[in-house]
Amino acid sequence: SMATVHYTVESLKPAESIGYLVKRCGVLMSAKAEAAFESQPLSFVQWIALMKLREHGAAMSATELSCEMGHDMGAMTRMVDALEIHGYVRRQRSTRDRRAVEIELTPHGLAQVQDSMHLMVELLNDLLAPFSQAEVKALIGQLQTMLQRLQSYEPDLPALAARASEAAQARKPRAAARKTGGR
């Protein structure tokens, strides 16, 4: 049997496109979270990195962390440098591969994750205020299903996304140079 057709060339509009809506919600939620974190000693993105390390429960390579977060390695290295300076993480030789370096959450980093958690709780509860508990549960389930489906297409999708992000960054200066006639 043929799969249900949800969109056609004629019917696809940004206001009803899953891709646009998820991306736009993510952008606006990140902006709102960054604003909430202005009072904190670390940024929202740094807090997410610490949360990923906490959730992982063990040291991670910079590559693993950058793939998880969809950041290029340059940005990840700068972020880890900042987190290390503030004592939130430490770099250590991998026990699996002595040539590799892994990033580990420190007790200070774990405490900071906990101290900032209320900001995300307040933000998410505020965003979800118009929804019933059943609607929130259904939305989470639907988004988890979509995430699993996207992850099943390509096991290395986060790495591809990070490389695409790097490629997009690399194209920006050239595009600007063309617009100004190379001046």
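Predicted, not measured: the structure shown is a model, and the values here were computed from it.

(A) Expanded view of the overall build of the protein chain. Across its full length, the protein chain carries seven helices and three strands. When the helices and strands of the protein chain are listed from N to C terminus, the series reads α-α-β-α-α-β-β-α-α-α. Counting across all 183 residues of the protein chain, residues that qualify as buried make up 22%. A separation threshold of at least 6 residues defines the contact pool for the protein chain, and within that pool the share at least 24 residues apart is 49%.

(B) Local environment of the packing of aromatic side chains. Summed over the entire model, instances satisfying the criterion amount to three aromatic pairs. The interplanar angle of 45 degrees and the centroid separation of 5.5 Å between the aromatic rings of F37 and W47 together place this pair among those described as tilted. Of this pair, F37 sits in the loop between α1 (18-36) and α2 (44-56) while W47 sits in helix α2, and the two are 10 residues apart along the sequence. For the pair F37 and W47, a shared accessibility class is recorded, and that class is buried. The interplanar angle of 20 degrees and the centroid separation of 6.4 Å between the aromatic rings of F44 and W47 together place this pair among those described as stacked. With F44 and W47 both in helix α2 and three residues apart, the pair spans about one turn of that helix. Taken together, F37, F44 and W47 form an aromatic cluster joined through their ring pairs.

(C) Inspection of a nonpolar patch on the surface at higher detail. A grouping of Y7, L12, I18, V22, F131, L139, L143, M146, L150 and Y153 is seen on the molecular surface, where their side chains present a nonpolar patch of about 880 Å² in accessible area. Considering every element that reaches the nonpolar patch, the biggest residue donor is helix α6 (residues 133-153), with five residues. Looking at the secondary structure, you find L12 in the segment before α1. The exposure class of L12 is partly exposed, given its relative accessible area of 49%.

(D) Looking closely at the nonpolar core. Counting residues in hydrophobic clusters, the biggest one holds 24 residues, and the most contacted among them are W47, L50, L65, L83, V89 and M120. If you list the elements that add at least two residues to this core, you get α2, α3 (62-69), α4 (73-85), β3 (101-105) and α5 (107-127). Ranked by residues supplied to this core, first place goes to α2 with six residues. Apart from residues no more than four positions distant in its own chain, W47 is found in contact with F37, L42, Q112, V113, S116, M117 and M120.

(E) Quick peek at the sheet that holds β3. Taken in spatial order, the three strands of this open sheet run β1-β3-β2, and their pairing is antiparallel. Two strands close off the open sheet at either side, each with one partner strand: β1 (60-61) and β2 (89-93). Where β2 and β3 come together, five bridges link them in antiparallel fashion. Looking at the pairing, R93 lines up with V101 of β3.

(F) Looking closely at the pattern of salt bridges. Going through the model one piece at a time under the given rule, you end up with six salt bridges. Here R90 and E104 are joined by a salt bridge, their closest N and O atoms 2.7 Å apart. In this pair, R90 is assigned in strand β2 and E104 in strand β3, connecting sequence segments 14 residues apart. Looking at E104, the relative accessible area reads 22%, which means it is partly exposed. D97 is paired through a salt bridge with R99; the nearest N and O atoms lie 3.0 Å apart. Overall, R99 belongs to the exposed group, its relative accessible area being 72%. Put simply, D81, E84 and R91 are held in one network by salt bridges that share partners.

Thresholds applied
- Residues numbered from 1 in each chain as written.
- Predicted model: local features only at pLDDT ≥ 70, side-chain atom pairs only at ≥ 80, totals over all residues.
- Heavy atoms only, no water.
- Helix = DSSP H or I, 4+ residues; strand = E, 2+ residues; numbered from the N terminus.
- Buried < 20%, exposed > 50% of the residue type's maximum accessible area, 1.4 Å probe, protein only.
- Contact = heavy atoms within 4.5 Å.
- Phe/Tyr/Trp six-rings, centres within 6.5 Å; stacked < 30°, edge-to-face > 60°.
- Patch = residues over 30% accessible without salt bridge, like charges linked within 9 Å, V, L, I, M, F, W, Y side chains within 5 Å.
- Areas by Shrake-Rupley, 256 points an atom, 1.4 Å probe, with all protein chains shown as cover.
- Salt bridge = Lys/Arg side-chain N within 4 Å of Asp/Glu carboxyl O.
- Core = buried A, V, L, I, M, F, W, Y, C linked by side-chain atoms within 4.5 Å.
- Pairing = 2+ DSSP bridges.

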